[in-house]
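As a plain string of letters, each chain reads:
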Amino acid sequence: SKMRVRNVVTAAAACAAVGTSRASEEGAVERKKRLYVPLEKRATRRVVGSSGGRAAPRRLESSSSSSSSGGGESADLELLDYFNNQYVGTLSIGTPGQKLSVVFDTGSSDLWIPGSGCEACGDHDAFASERSSTYRQVMDKSGNEVKFEVDYGSGKVRGYQASDSVQLGSLELSGVSFGLVDFEDRDIQGFMMDGIAGLAFRGLAMVTKPTLLELLHEQHPDMENVFSLYLSNEPDARESHLVFGDYDLGIVGPNATWHYTPVIKRGLGEFKYWTVKMRGCRVGSETLCSEGCYAIVDSGTSGLAVPDADYDTLVALVTKHLPNCRDVTCYYAKETDFPDLAVMLEPDNEFPLRAKDYVSCSRWGECVVKFQKSAGSTYWILGDVFMEAYYTLYDVAKLRIGFACDGACDGGDWHGKGGYVDLDAVSTWAQLLLAFAALSVVAILAYVAALELQYLRAGCVSLHRSELPAPPPPPIR
């Protein structure tokens with residue numbers, strides 16, 4: 001499980017009470033324009049470094065249906081699904097546009113992509129700045145290129161700051177600042193996307209100022225300042241997607257409603273993460289975070305990240321009846337061996353996670369619990385595992401997040417069973433190795449059988465010769 005978490009700064013918080021709301025009531029959004037982003041989910045994920053977390057980005061100094069009423073323009077993007085581990089969409093940069101794949105990440109705020117001159121970017125597609133008529137290099141007062149560097153825990157990317165137009169589906173954003181990468185650490189070179197498009201707040205941005213969300217609102221003011229994220233557990237039936245300015249509660253069910261929780265700002269300065277207040281995480285009769293804590297709703301994290309102080313306890317609670325477990329991996333187990341848990345968010349929301357929402361088991365009895373330490377942080381992170389169970393609305397204008405339920409909230413039953421990792425799948429190399437091993441055994445057995453047959457034949461010939469009568473003596477002359 002290759003999830004990534006972040007180190008975040010803690011401080012005092014203020015929380016406004018926002019309750020459950022139906023789409024047709026006060027919480028409804030009257031949308032005029034929409035942008036639909038299809039997503040592809042990929043198997044590889046950001047690898048967490050030895051610290052278990054990702055440091056905040058830094059910039060280097062220069063070295064010199066049930067949706068609410070309303071129509072309007074749409075620009076749609078799919079999210080492609082790679083074994084429920086990474087959701088990736090496509091955007092275009094430059095004039096004419098060059099398509100690149102990105103993770104739409106609600107846990108960061110910058111846009112970065114590989115540049116064509118990068119010799120340490122793996123097999124990633126790269127942006128050829130010389131082919132764009134609208135490309136601009138960002139320079140400092142001394143006329144030097146402005147450098148940037150972002151550390152994701154699993155490694156760094158670094159490069160230079162630039163500006164160009166960005167196309168999200170049919171919508172174009174002009175003057176977007178982004179990072180043009182000329183170096184990626186080895187683990188990042190193995191990621192199955194080219195770059196990252198951050199969808200968090202300005203307080204996290206080091207390069208992309210204004211942020212993509214701010215530019216969408218400024219340059220397309222007739223599009224409602226919200227976006228929704230649907231992560232499908234059954235991509236063959238309905239594709240995963242990201243929609244700016246719109247949502248469709250009909251995906252969840254005919255009576256689906258949004259259950260809202262307020263986004264809060266911790267510390268001074270501007271909003272950074274999509275941070276919400278947790279009232280607890282309950283497993284059976286035990287409740288963690290019973291006095292309140294904080295969580296980040298983050299599409300860039302695969303599973304459920306848990307602070308150090310609670311991690312061992314939570315793992316022990318969900319595996320306590322299973323004798324053959326090592327951390328989050330259990331053997332000779334099945335889904336029904338694991339309990340349900342519930343995440344409770346302000347003001348009065350309770351979101352169950354069924355065992356099948358947070359555990360994946362192979363047919364051979366190996367199960368993986370989709371938890372990871374949020375090392376060095378007191379924050380919980382509600383990643384893709386949570387958003388696969390609950391269709392999610394990010395309301396930028398009203399600073400709240402909605403999770404959809406059709407009647408009582410009941411986990412991910414509404415759109416089928418998903419899987420964090422495909423435990424039953426065997427890689428091509430593994431299959432070839434097994435085939436080679438099997439053929440080798442067959443060849444050895446055949447060789448041994450041939451030797452034995454040759455030995456037996458040789459023995460029979462000797463025996464037959466010993467039984468033959470001696471030849472008569474030659475005649476006497």
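Values in this document were obtained by computation on a predicted structure and should not be read as measured data.

1. Examining the overall build of the protein chain
For step 1, the next point in the chain: On a plain count of helices and strands, the protein chain comes out with six helices and 28 strands.
For step 2, the next point in the chain: Out of the 477 residues in the protein chain, the part that is buried amounts to 51%.
For step 3, the next point in the chain: For the protein chain, the exposed surface amounts to about 21600 Å²; the carbon and sulfur share of it is 53%.

2. Brief notes about the pattern of salt bridges
For step 1, the next point in the chain: Under the definition given, this model contains nine salt bridges.
For step 2, the next point in the chain: Measuring nitrogen to oxygen at the nearest pair gives 2.3 Å for the salt bridge that ties R34 to D246.
For step 3, the next point in the chain: Here the residues in one salt-bridge network are R202, E214 and E270, joined through shared partners.

3. Section: helix α2 (residues 212-219)
For step 1, the next point in the chain: Of the residues making up α2, those classed as buried are L212, L213, L215 and L216. Mapping the buried residues of α2 onto a view down its axis gives an arc of 165 degrees, with all of them on the same face.

4. Some words on the confidence of the model for the protein chain
For step 1, the next point in the chain: When pLDDT is averaged along the protein chain, the result is 79, and 70% of the positions lie at 70 or above.
For step 2, the next point in the chain: No element of the protein chain has a lower mean pLDDT than strand β1 (residues 20-21), at 42, and none a higher one than strand β27 (residues 392-395), at 98.
For step 3, the next point in the chain: Segment residues 44-72 is flagged for pLDDT under 50; beyond a separation of four residues in sequence, or across chains, it makes 115 contacts in the model.
For step 4, the next point in the chain: Scored below 50 in pLDDT, residues 460-469 shows zero contacts in the model against residues more than four places distant or in partner chains.

5. Regarding the sheet that holds strand β24 (residues 367-369)
For step 1, the next point in the chain: Spatially, the four strands line up as an open sheet ordered β19-β20-β24-β23, and their pairing is antiparallel. With one partner strand each, in any of the chains shown, β19 (325-326) and β23 (359-361) form the two edges of the open sheet.
For step 2, the next point in the chain: In this sheet, β24 lies alongside β23 in antiparallel orientation, the contact comprising three bridges. Across the sheet, residue V359 finds its bridge partner in β24, namely V369.

Definitions and cut-offs
- Residues numbered from 1 in each chain as written.
- Predicted model: local features only at pLDDT ≥ 70, side-chain atom pairs only at ≥ 80, totals over all residues.
- Heavy atoms only, no water.
- Helix = DSSP H or I, 4+ residues; strand = E, 2+ residues; numbered from the N terminus.
- Buried < 20%, exposed > 50% of the residue type's maximum accessible area, 1.4 Å probe, protein only.
- Areas by Shrake-Rupley, 256 points an atom, 1.4 Å probe, with all protein chains shown as cover.
- Salt bridge = Lys/Arg side-chain N within 4 Å of Asp/Glu carboxyl O.
- Arc of directions from axis to C-beta.
- pLDDT = per-residue confidence, 0-100.
- Contact = heavy atoms within 4.5 Å.
- Pairing = 2+ DSSP bridges.

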